[in-house]
Amino acid sequence: MKKLLLIFIALFVTNFSQNHKLAVISNLGKLHNTQKVDSIVNFVNSIDSLSFLILNGNLTEFGEDDEIENLSNSISKLTHPFYALSGYRDLKWNKTAGQNLFDITEDFYFLHEIDSTVYIGINCNLPWITNCHIPVETISWLDDELENYTEEFEFIVFINKSTDKNIGNFDKLLKLFDSKKLAAIFSVNKIGAKFKPLFYLDEELVDTSSVTILSFNADSIFYQTVNIDSIISNERKSLKSKDEFVFETTETKIDTGINLIWKYDLNSTIYSNATFYNDHFYFADYSGIISCIDTLGNLIWDYDAFGYIVTKPAIADDILAIATLQGDLVTLNALTGESIQTIGFDESITFGLVSGNYSGTKTLMIPAKTKSAIYFGTQDGKVHCYILETLEKVWENKAANDLIALMPEKIGNKIFYTSLDGYLYCIDANEGWLIWKSKINTDKSISPVFSKFVFTKEYIFINDLSGKNYKINFKLGLKHWESEKYGANEFIGVSEKGHRVYLKNTERNFFNIISAKTGNWVKQVRMNLNDDEFSSKSIEWNENVLFTTTDGNLHLINKKFKDKIIYQFDNSPYHSIQNYKENYFLNTSLDGKIYFYKITGKY
């Protein structure tokens, strides 16, 4: 273990040009009472000297439409400028991946300039993502903004994540201030251990009946917490200061047993893996850009769908289908990227597209050369089947009662998916009938809606967000066993033979290899998993298990259960490894970095 100290003494500045005062209001979602929210709003409105407000943390309980409407009604009464840094709960279960919330909060960041002081807010929460991560778009935005400021300006940064966990791209954020006057960094949600701000509070800013007032004076910073219920002001305190950040890092031993063929950087958040078709890779990034890249790493074409995308594209018969959170279903010529047609829905399309051959009984009204179909779902829990060539509707299934999201699985004539209502569903791909549904966990906070699941010939293995693991009969949906002892929530894998299941426990730093038949341990491999909670799958290749961790390391566990790091990608969470063919693989990160490589070593 070695410690890397980044010293900021030279940048430490407290000479604010004028007195500024702002308020931080945290976790309004915990109040469950609009009258209490309104009392806080009335209180801060009565403070004439406030420059602006920060609404921080969970503004709602589950990001539900009615909660967001109540929030909108309350904060519309604010008379001071305000910015929001939404919490985990606002975005994790939000049915529109945050779009309805951002309409009123304008998340992911803010910048507020007063005299020669610039206040910057950074949101580390991403829709539907568990890991704390600053989006690459935020880094790019801030880099551009900082170029507009000369040396006399100083900067105060607010970051809305507890620092007791790793924050993705935090090092890149700090790097931007190398030549700037960085006066203070606040963790306005909770003060943790790993990253100490230059100024930090002694207590958590999570009291749901209080407002914290921050006063920036000529040579000091003070804060006081005001209790709204009793209208009693706590003592005004001076903030402590710290002049260094401490990063703890490990020496990474890398077995360079791969041949990197090419690397491509889309520099945009990507929620899903690539789609393969005729020696081309298709990527859809969050901003709505579709990119087609060949096996040599050349960009063949790109297309702007003019909407946010979190779902994986589907392709058949040279037609590529993509879907947006705004509700547009778009088809393109997969060879040229030219638009074919677009249809719109009233709901966000949240459920990843899969293709297949339709062989049902419905008589189609529009002539088509093929019967290739696409299957997708919307935020209200509906699953749709459309003919890919004509976009004629075939059937609609309404079995689920809540959000269905990210990537389904289609095996034969069956489609499998999870819902925020807590069930795993199996429906018929030809007729849209419900075959079975299996209850996993109906507690919304630990629902399996974002959990990966894997298959053997007879069984499905799935986790919920509490870390409980389930084995379910493929044909009937009946549970064979469930277990809490492995503690794996959003990571899972299965062996090629179907006799073993792979589960990662990041809290205890174990990679669990268990028997698919009995659910008992085969082996526990101890590792340094570094708070890795990113949702992905491992894959088996030549009796080796391959997976990536959020620090960019590519791990291989061989048949003797020895773990090796065989390559280190850029530091970012990576989606599930994709085996292109033989020993060729593709890795795609949340930050839009793509690696195409060949494993050459013997393990």
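Keep in mind that this is a model prediction, so the values were computed, not measured.

**What about the sheet that holds strand E17 (residues 275-277)?**
Either a parallel or an antiparallel arrangement is found when strands of a sheet pair, and the pairing is made through backbone hydrogen bonds.
Right, on to step 1. As summarised here, the arrangement of the 4 strands in space is E17-E18-E19-E20, forming an open sheet in which the pairing is antiparallel. Each of the sheet's edge strands pairs with one partner strand only, and the pair in question is E17 and strand E20 (299-304). Between one strand and the next, the sheet's axes are offset by a mean angle of 20°, whatever the strand orientation.
Right, on to step 2. Relative to E20, strand E19 (residues 289-294) runs antiparallel, the two sharing 5 bridges. Residue pairing across strands places Cys292 opposite Trp301, the latter belonging to E20.

**Points about the packing of aromatic side chains**
Right, on to step 1. This model, assessed by the stated rule, comprises 48 aromatic pairs.
Right, on to step 2. The interplanar angle of 25° and the centroid separation of 6.5 Å between the aromatic rings of Tyr119 and Phe158 together place this pair among those described as stacked. Highlighted residues: Tyr119 in strand E6 (residues 117-122) and Phe158 in strand E7 (residues 154-159), separated in sequence by 39 residues.
Right, on to step 3. Each ring, one from Tyr567 and one from Tyr595, has its centre 6.4 Å from the other, and the planes form 70°; the classification is edge-to-face. Separated by 28 residues along the polypeptide, Tyr567 in strand E45 (residues 563-568) and Tyr595 in strand E48 (residues 593-599) bring together distant segments of the chain.
Right, on to step 4. Grouped by ring-pair contacts, the aromatic residues Trp541, Tyr567, Phe569, Tyr574, Phe585, Tyr595 and Tyr597 constitute a single cluster.
Right, on to step 5. Here the basic side chain of Lys437 rests over the ring of Tyr423, its NZ or CZ set 4.6 Å away from the ring centre.

**Some details on helix H2 (residues 65-75)**
Right, on to step 1. Ile68, Leu71, Ser74 and Ile75 are the residues of H2 that are buried. Considered in projection along H2, the buried side chains sweep an arc of 125° and stay on one side of the axis.
Right, on to step 2. The secondary structure elements touched by the buried residues of H2 are helix H1 (34-45), strand E3 (52-57), strand E4 (82-86) and helix H4 (99-105).

**Regarding the sheet that holds strand E16 (residues 258-265)**
Right, on to step 1. One open sheet accounts for 4 strands, arranged E16-E48-E47-E46; its pairing is antiparallel. What marks the edges here is a single partner per strand, and that holds for E16 and strand E46 (578-581). Adjacent strand axes in the sheet meet at a mean angle of 25° when their direction is disregarded.
Right, on to step 2. When E46 meets strand E47 (residues 584-588), the two strands line up antiparallel, connected through 3 bridges.

**Thoughts on the environment of Asn542**
Right, on to step 1. Tracing the sequence through the fold places Asn542 in the loop between strand E42 (539-541) and strand E43 (544-548).
Right, on to step 2. The exposure class assigned to Asn542 is exposed, which follows from its relative accessible area of 53%.
Right, on to step 3. Taking the C-alpha atoms as reference points, Asn542 and Tyr603, 61 residues apart in sequence, are found 9.3 Å from one another.

**Observations regarding the pairing of strand E40 (residues 521-526)**
Right, on to step 1. Sheet topology note: the strand E39 (residues 510-515)/E40 ladder contains 5 bridges and is antiparallel. Each residue of the ladder has a partner; that of Ile513, found in E40, is Lys523.
Right, on to step 2. Following E39, the chain reverses through 5 residues before pairing antiparallel with E40; Gly519 in that reversal takes a positive phi of roughly 80°.

**A word on the nonpolar core**
Right, on to step 1. Within the largest apolar cluster, 44 residues are counted, with the highest numbers of intra-cluster contacts made by Leu28, Val44, Leu55, Trp128, Val211 and Phe450.
Right, on to step 2. Looking at this core, the elements with two or more residues in it are strand E2 (20-26), H1, E3, H2, H4 and strand E10 (210-216).
Right, on to step 3. When residues of this core are assigned to their parent elements, the largest contribution, 5 residues, is made by H1.
Right, on to step 4. Counting residues in hydrophobic clusters, the runner-up holds 23 residues, among them Val118, Ile120, Tyr149 and Leu176.

**Examining the pairing of strand E35 (residues 469-473)**
Right, on to step 1. Across the 5 residues that make up E35, a large majority, 5, are buried.
Right, on to step 2. Counting the residues in the hairpin turn of strand E34 (residues 459-463) and E35 gives 5 residues, including Gly467, whose phi is positive at 100°.
Right, on to step 3. Summarising the sheet, E35 and strand E36 (residues 479-483) pair through 4 bridges and their orientation is antiparallel. Bridging from a neighbouring strand, Asn469 pairs with Ser483 of E36.
Right, on to step 4. The turn linking E35 back onto E36 is made up of 5 residues, and Gly477 within it adopts a positive phi angle of 80°.

**Quick notes on the environment of Asp143**
Right, on to step 1. With respect to the helices and strands, the residue Asp143 is situated in helix H5 (residues 136-146).
Right, on to step 2. The partly exposed category is assigned to Asp143, whose relative accessible area is 36%.
Right, on to step 3. Put simply, Asp143 and Lys172 are 29 residues apart on the chain and 10.0 Å apart in space, counted from C-alpha to C-alpha.

Parameters and conventions
- Residues numbered from 1 in each chain as written.
- Predicted model: local features only at pLDDT ≥ 70, side-chain atom pairs only at ≥ 80, totals over all residues.
- Heavy atoms only, no water.
- Pairing = 2+ DSSP bridges.
- Helix = DSSP H or I, 4+ residues; strand = E, 2+ residues; numbered from the N terminus.
- Axes fitted to C-alpha atoms, helices over the stretch in contact; angles between N-to-C directions.
- Phe/Tyr/Trp six-rings, centres within 6.5 Å; stacked < 30°, edge-to-face > 60°.
- Lys NZ or Arg CZ within 6 Å of the ring centre and 35° of its normal.
- Buried < 20%, exposed > 50% of the residue type's maximum accessible area, 1.4 Å probe, protein only.
- Arc of directions from axis to C-beta.
- Contact = heavy atoms within 4.5 Å.
- Core = buried A, V, L, I, M, F, W, Y, C linked by side-chain atoms within 4.5 Å.

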